[in-house]
Amino acid sequence: MSIETTPSSTPDPEWERIVGGYLNAPGEAPVEKQTTSVDLMGDTPLTPAWTKTRTGWKSRAEVGRVNTVRGFRKWLRRQATEHGHASQIGRGIRRTVLWVQGTEGAQVLAARYEVQQTQRDYKAAKWAHDRRLMPGKEKEKRRREMEGAFADSASAMSKYRSAQRDARMRRAVRGVAALTPIAGVEGASLQLLGTPGGLAATAATLATFALIGRRTTAGELYTDRDAKIGDGDRMTDDMVNRVYRDARVIAADDTLRLSTPCTLTADGKAWQVVFQLPSGTPAKKALGAREGIANGFGVSVQQVHQTRGDREDTIHLRVSLKLPFSTKPTRGPLLDAERVNLWQPIRMGVNLRGEEVITSWVERSGLFGGEPGSGKSAAANDLLLAAALDPTVRMYLADGKAGADITPFEPIATMYDTDGDPDKLLDILQYMWDVEIKERRALAKEHGSRKLTEAMAAVDPRVCLAVLLVDEWSSYGAAADQKTRQEMERLLRLIVQQGRALGIISLAATQKPDSDSVPTGIRDILSIRWAMRCLTPQASDTILGQGYASAGHNAQDILKSQRGVGIYMDGEGAEPELVRGDYYDDDEVAAILGRAYSLRQEAGTLPLGPLDRLRAAGEDGEILATLFGLYPEGVEMLPTARVTEGLAAAGHPVTADRLAVLVPRTDEEKRRQEVSGSKVSVYPLTAVRRAVLDRYDIGL
Ligand SMILES: Nc1ncnc2c1ncn2[C@@H]1O[C@H](COP(=O)(O)OP(=O)(O)OP(=O)(O)O)[C@@H](O)[C@H]1O
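Note on numbering: residues in each chain are counted from 1, in written sequence order. It should be noted that, the model being predicted, local features are given only for residues of pLDDT at least 70 and side-chain atom pairs only at 80 or more, the latter also being counted only at that level, while totals for whole chains, interfaces and linings use all residues.

### Considering the overall build of the protein
- Elements are defined by DSSP. Helices are runs of H or I of four residues or more, strands are runs of E of two residues or more, and each kind is numbered from the N terminus. Broken down by element type, the protein carries 23 helices and 19 strands.
- Here the C-beta atoms are placed from the backbone, and a residue counts as buried if at least 20 other C-beta atoms lie within 10 Å of its own, exposed if 12 or fewer do, and partly exposed otherwise. Within the protein, buried positions represent 30% of all 700 residues.
- We call two residues in contact whenever the C-beta atoms placed from their backbones are within 7 Å. Pairs at least 24 apart in sequence give 65% of the contacts found in the protein among residues at least 6 apart.

Take a look at the structure:
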């Protein structure tokens, strides 16, 4: 996308007004507008004015909707885990019950065990005492033991009872402590607000239980540690840091400094954030780690887009929620354009953000490449159809593949080759170099300039743009002998280099981008590059320039299904971006070219046909053109008398001798032929065609 900047020489109306105010009314100094809120620290978030417009609110609503849907899906997924809210509430209730029960139960149990033990001891002592036949001393001793055991048992029983009482009392206190707030809130809410209040109180109680049970039995809390955008999670600071750490862009103890919060884009189609890399980490490292980053976010590589900011440490990250450019292309704007002014920037397609990509082709040239079927011809059509709708633009088209892509342009093309014939391309290049460039140079000189501009075109109809398309140069190279190839290369280089300032826009397209497809010397001067899907990173680099693939701009990453999508670079230095070209199907191309033909007919800029060129070649040419017109459709020969009569009737009285000189015949052709029962001298149509070709190099 081209960004228009105001040249320093352009007057700034606001500045002019202020300065004018000073000069014209010195007493009245211009009053600076007071802004209501002054943000001296610059820490108020920047809110673009458009957010408060209708579109702004609409887009916010859309973002809100997307967030809600994704949040609900995520919540549903969470319910199936032990972090689900039902599990949390269950855990909370269990924990509360356990708390109310308390730990006194263990003391009661211990006291009970003690009672049982002492009772067993007492029984044993009693049994020993009750035995008969025992000396009195021994009996006395056992009686004392029995009485001691009884006292122990009574004491243990008393302790047990006391422990039971204590436990019951404490449980009651805790039970009251737990239930009173619940009952109180519930009762008060029901009393004050009725059923809705009761429901709200119940929700609050459940939320409290969920809070109590939020930790699992293993003590884990719910975290987004493994959250992924691909799983419907939101992009968070933690997530971005984790992903860049896992992708080894930053070290485990480094953090990214976020310059903006993680937000959904206005159309709700992607998450975006701008951040700064830690000191010493080059942006290239982040740009080259797309696969690891995509993995971390749980999305495909095609969904991750990083661009370098103005500074080396700044990255703009965008993660699309869906595969971009997977929907049907929208209607191309040229279908509704009356006509186009190619001196002005034209639309080539849309970028990831859905913004129009506008390019000025004046003084520019381009190279489009990509594997067969990737959409090069459709992309070239974005320029060619716009050029066609500007009736002043001359078109020179050559297709080395001898395909049908440029056939519909034939009626409006000044010269074309749809046969992949190197001699025809050589003719086109030779004509452009000998005639077009020469005329243009003379015109520029007449206007006292080194280049042709729109301002000159506005006052001089002879000043116009021209487009030269060479599709599949390598096929021409392969078909030509060495001498022709060298000559083609020399002329193409001269036309691209010198034609640029003289209004000639050159465009090369290639299926197999390598040094054969477009000679390196020429490739380097083609400034607009569009790399459609390529089979290797090297092929992508051949179009965009060395090192782009490793910096994350690799056309191999484009999917086969993403037809018409390519990495677009609007001039050297411009940041490459993914763009889908506007697409016109065959019927739409025919409709646009039909309109282009009418426009050119009206403007009188249709190229001369072969008969027109023949007529323009002088008196003999005019006679031959008239002669050619005498042959009705399907008739291959005419008697000499009919020919001379026809010519005389058309204002060209020609004797038989002169005719014989104008249209030389072979001995075979001079032989008399039987026409309507008598033998007469004839002129075959093939002889006329041969004469025109030999003399004027025009094929009829
Ligand atoms: N911008 C686009 N949007 C949608 N579909 C497109 C787009 N561009 C191309 N296509 C689809 O891709 C197909 C192939 O496109 P195109 O003929 O332009 O490819 P190509 O690269 O020129 O192929 P080749 O090198 O064989 O000529 C088209 O028929 C069309 O269906």
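### So, the confidence of the model for the protein
- On a range of 0 to 100, pLDDT expresses the predictor's confidence in each residue. Across the protein, the average pLDDT comes to 87, with 92% of residues at 70 or higher.
- Overall, residues 1-12 carries pLDDT values under 50, and its contacts beyond four positions in sequence, including any with other chains, amount to eleven contacts.
- Segment residues 25-37 is flagged for pLDDT under 50; beyond a separation of four residues in sequence, or across chains, it makes four contacts in the model.
- For this predicted complex, the interface score ipTM comes out at 0.96, while the overall pTM is 0.65.

### Describing helix H17 (residues 586-603)
- The span you would expect from a helix comes to 1.5 Å times its residue count less one. The end-to-end C-alpha distance of H17 is 25 Å, a good match for the 26 Å that 18 residues give at a rise of 1.5 Å each.
- Taken as a whole, H17 has its buried residues at Val589, Ile592, Leu593, Ala596, Leu599 and Arg600. Buried residues in H17, looked at end-on, bunch into an arc of 115°, giving them a common side. For H17, the exposed residues set more than 90 degrees away from the buried face come down to Asp587, Ala590, Gly594, Ser598 and Glu602. By arc we mean the arc of the directions from the helix axis to the C-beta atoms, nothing more.

### Quick look at the site of the ligand
- By definition, a residue lies near a molecule or strand provided its backbone-derived C-beta atom is within 6 Å of it. Surrounding the ligand, one finds 16 residues, the nearest of these being Gly375, Ser377, Ala378, Gly564 and Tyr583.
- Examining the composition of the shell around the ligand, we find that three residues originate from one element, helix H10 (residues 376-388), more than from any other.
- Residues of the shell around the ligand, tallied by class, amount to four nonpolar, nine polar and three charged. Each residue is assigned to one of three groups, with Ala, Val, Leu, Ile, Met, Phe, Trp, Tyr, Cys and Pro labelled nonpolar, Asp, Glu, Lys and Arg labelled charged, and all others, Gly among them, labelled polar.

### Things to note about the pairing of strand S3 (residues 270-276)
- Bridging between strand S1 (residues 257-258) and S3 involves two bridges; their strand directions are antiparallel. Counterpart to leucine 258 in the pairing with S3 is phenylalanine 275.
- Strand pairing is assigned whenever DSSP identifies at least 2 bridges connecting the two strands. The sheet contact formed by strand S2 (residues 263-264) and S3 spans two bridges and is antiparallel. When the bridges of S3 are listed, threonine 263 appears paired with glutamine 272.

### Things to note about the packing of helix H3 (residues 85-101) against helix H5 (residues 136-193)
- Between the N-to-C directions of two axes lies an angle of 0 to 180 degrees, each axis being a line fitted to C-alpha atoms and, for a helix, fitted only over the stretch in contact. Here H3 crosses H5 at 145°, and the two axes come no closer than 8 Å. Facing Thr96, Trp99, Val100 and Gln101 of H3, the residues of H5 in contact are Arg171, Arg174, Gly175 and Ala178.
- Here the residues of the contact of H3 with H5 sort into three nonpolar, three polar and two charged.

### Side note on the nonpolar core
- Think of a nonpolar core as buried Ala, Val, Leu, Ile, Met, Phe, Trp, Tyr and Cys residues, each tied to the set through C-beta atoms within 7 Å. Counting residues in hydrophobic clusters, the biggest one holds 84 residues, and the most contacted among them are Ala388, Met395, Phe409, Val467 and Leu469.
- No other element matches H10, which puts nine residues into this core.
- For alanine 388, the residues in contact, after removing those within four places along its chain, are Met395, Phe409, Ile412, Ile592, Leu593 and Ala596.
- Listed in part, the 26 residues of the second largest apolar core include Val249, Leu256, Ile315 and Leu317.

### A closer look at the UniProt feature "binding site: ATP" (unreviewed entry) in the protein
- UniProt positions are given in the numbering used here, feature names are shortened, and annotations may be inferred rather than shown by experiment. Here, the residues flagged by UniProt with the feature "binding site: ATP" (unreviewed entry) are Gly370, Glu371, Pro372, Gly373, Ser374, Gly375, Lys376 and Ser377.
- Secondary-structure assignment places glycine 370 in the loop between strand S8 (365-369) and H10.
- Look past the residues within four positions of glycine 370 in its chain and what remains in contact with it is Gly375, Lys376, Ala531, Met532, Arg533, Cys534, Ala555 and Gly566.
- Under the C-beta neighbour-count criterion, proline 372 is labelled exposed, with 8 such atoms within 10 Å.

### Points about the packing of helix H19 (residues 619-630) against helix H23 (residues 685-696)
- Running from amino to carboxyl end, H19 crosses H23 at an angle of 155°, the nearest separation of the two axes being 10 Å. When the axes of H19 and H23 are compared, the pair comes out roughly antiparallel. In the packing of H19 onto H23, the handedness of the crossing is left-handed. Along its contact with H19, which presents Gly621, Leu624, Leu627 and Phe628, the element H23 presents Val688, Ala691, Val692 and Tyr696.
- Here the residues of the contact of H19 with H23 are counted per class, giving seven nonpolar, one polar and no charged. Every angle not falling under 35 degrees, over 145, or within 65 to 115 is termed oblique; those three ranges are roughly parallel, roughly antiparallel and roughly perpendicular. Crossings are sorted by hand: turned counterclockwise from the far helix by less than a right angle, the near helix makes the crossing left-handed, and turned clockwise it makes it right-handed.

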